[in-house]
Amino acid sequence: WAPFHVEAPLCDRPLVMKPDLLAELEARGIRRPSLYREGFVHNNCGGGCVRSGIGQFAHLYRQRPQTFALWEDAEAEMRALLVKNVTILRDRTGGSTRPMTLRELRNRIDAKPSMFDGEDWGGCGCFVDGDE
């Protein structure tokens, strides 16, 4: 990450699991972060991330539609800037994989709200080496 100095103490040993961290917050009288209270599995990036999966963005759309709209607009701007079919999400239905825009996800959710069960949260590993 040079020239930047990055510290990620939760990635250092001894590793502490999230339930233990949340219990420590509670023991100290500290309220759980809002994203956790809203059902997100991560408390970062405002509920969205370029490494998020369909389930996380579906949840973001339901919980924080204004934030989802910002991500949707930014994705559309990037696609226009690059003049490429680049997207954050991938549609893997029907046995093939293709890019899926956040706009398409929003339209699918609006058409059939129960379609996404929130199991595809995507990967999280900012500042962590690929072999860790």
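That block above? That's the structure.
Summary of the structure given here. (Residues numbered from 1 in each chain as written. Predicted model: local features only at pLDDT ≥ 70, side-chain atom pairs only at ≥ 80, totals over all residues. Heavy atoms only, no water.)

Relative to the assigned elements, Cys 45 resides in the loop between α2 (34–37) and α3 (54–63). Measuring from C-alpha to C-alpha, the distance between Cys 45 and Leu 35 comes to 9.8 Å, with 10 residues separating the pair along the chain. (Helix = DSSP H or I, 4+ residues; strand = E, 2+ residues; numbered from the N terminus.)

With that out of the way, let us pick up the packing of aromatic side chains. Applying the stated criterion across every chain yields a total of 3 aromatic pairs. Residues Phe 57 and Trp 71 carry aromatic rings whose centres are separated by 5.6 Å and whose planes lie at 75 degrees to one another, so their mutual orientation is edge-to-face. Residue Phe 57 is found in helix α3, and its partner Trp 71 is found in helix α4 (residues 65–82); the two are separated by 14 residues along the sequence. By relative accessible area, which is 0% here, Phe 57 ends up buried. (Phe/Tyr/Trp six-rings, centres within 6.5 Å; stacked < 30°, edge-to-face > 60°. Buried < 20%, exposed > 50% of the residue type's maximum accessible area, 1.4 Å probe, protein only.)

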